[in-house]
Amino acid sequence: MKYFAIILAMCLACGAVASSSGSSTQRGQSDGLAAYQRDEANILKYLRPALEASPTIAVRLIYATKCAAGANIPPIPPIRLQEASRPNTGFSAVRMIFQGDDNVAVTEGPKGIVRIRIGDVPEELLRTHTRVFRLQPIEQYNPSLVIGALKNTKEMEGAMVALGLRPSSVLHMELLTLPQKGAPHFPPVLQDVTANRVLDVLAESFRGVVTYGVCMQGPARRPFFINFVGLMQ
């Protein structure tokens with residue numbers, strides 16, 4: 001069951017990136033949501049066929065990029081993509097997709113999570129430790145609310161100030177899933193976890209791609225962006 005809601009989600013957006021085989025992703029001058037969605041959709045165009053027949057259904061994509069002075073969402077850097085040849089699936093297929101770009105590293109993490117790193121990404125914010133990460137029932141069933149709850153912990157808020165970071169702000173509308181038996185959901189509580197681990201569990205729980213992008217240059221308080229999109233959509 002779902003209901004319709006308008007949410008002001010700091011650094012949240014559902015979206016999608018793409019390019020022809022062997023070419024690099026393209027983006028315009030804008031550092032906004034539309035450019036991000038286009039580039040994310042292009043990457044998903046390659047990932048989904050590579051993972052559809054694989055038990056690997058959790059991906060973490062992290063990237064660092066230069067941003068213009070007025071940037072709100074860190075743009076995904078241009079990258080070279082190519083289709084994975086069959087019968088490759090899962091981790092080997094994802095490595096093949098990005099093997100033509102020296103700026104991209106693909107590794108396999110715990111529980112088979114595929115990690116895609118674009119550039120030299122600082123992870124201080126992702127290493128922020130939270131003693132207890134607790135969610136309300138409605139938050140458990142909606143990836144956007146999990147991300148919002150993570151950013152709103154006192155530990156993350158303190159880390160943002162210390163690191164000179166701020167979450168991207170996006171106003172969007174979405175259908176929220178009400179708690180219901182059998183629906184994918186996040187655990188009600190995690191103890192002694194890092195932000196990195198929370199995002200791993202998010203990718204695992206909802207079978208999708210969790211993106212973390214951060215501006216290395218640009219506004220005085222550099223924006224970062226966290227997003228989730230399902231692989232099985």
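A brief structural summary. Keep in mind the model is a prediction, meaning the values are calculated, not measured. (Residues numbered from 1 in each chain as written. Predicted model: local features only at pLDDT ≥ 70, side-chain atom pairs only at ≥ 80, totals over all residues. Heavy atoms only, no water.)

1. Focus: the overall build of the protein
No. 1: When its secondary structure is counted, the protein shows six helices and 10 strands.
No. 2: The proportion of buried residues among the 233 residues of the protein is 52%.
No. 3: With an accessible surface of roughly 10700 Å², the protein has 54% of that area assigned to carbon and sulfur atoms. (Helix = DSSP H or I, 4+ residues; strand = E, 2+ residues; numbered from the N terminus. Buried < 20%, exposed > 50% of the residue type's maximum accessible area, 1.4 Å probe, protein only. Areas by Shrake-Rupley, 256 points an atom, 1.4 Å probe, with all protein chains shown as cover.)

2. Let's talk about the packing of aromatic side chains
No. 1: Counting across every chain of the model gives four aromatic pairs.
No. 2: Between tyrosine 212 and phenylalanine 224, the ring centres sit 6.1 Å apart and the planes meet at 40 degrees, which makes this aromatic pair tilted. A residue pair is termed long-range when its members are at least 10 positions apart, and tyrosine 212 in strand β9 (residues 208–217) and phenylalanine 224 in strand β10 (residues 222–230) qualify at 12 residues. (Phe/Tyr/Trp six-rings, centres within 6.5 Å; stacked < 30°, edge-to-face > 60°.)

3. Looking at the sheet that holds β10
No. 1: Spatially, β3-β4-β2-β9-β10-β6 is the arrangement adopted by the six strands of the open sheet, whose pairing is mixed. The open sheet has two edge strands with one neighbour each: β3 (104–108) and β6 (165–167). Ignoring which end each strand starts from, the neighbouring axes of this sheet average 20 degrees apart.
No. 2: As judged from the five bridges shared by β3 and strand β4 (residues 114–118), these two strands associate in the antiparallel manner. If you follow glutamate 108 over to β4, its bridge partner there is valine 114.
No. 3: On the sheet, helix α2 (residues 90–98) packs against β3 and β4 and is oriented at approximately 175 degrees with respect to β3.
No. 4: Sheet strands touched by helix α6 (residues 195–206): β2 (59–66), β4, β9 and β10. Its angle to β9, the strand with the most contacts, is close to 145 degrees. (Pairing = 2+ DSSP bridges. Axes fitted to C-alpha atoms, helices over the stretch in contact; angles between N-to-C directions. Contact = heavy atoms within 4.5 Å.)

4. Let's talk about α6
No. 1: Helix length check: α6, at 12 residues, gives a terminal C-alpha distance of 17 Å against a target of 16 Å (1.5 Å per residue), a fit within 8%.
No. 2: Within α6, 10 of the 12 residues are buried, leaving the element largely enclosed by the surrounding structure.
No. 3: The set of residues buried in α6 consists of Ala195, Asn196, Val198, Leu199, Asp200, Val201, Leu202, Ala203, Ser205 and Phe206.
No. 4: Looking at the residues trailing α6, positive phi occurs at arginine 207, about 55 degrees. (Expected span 1.5 Å × (residues − 1).)

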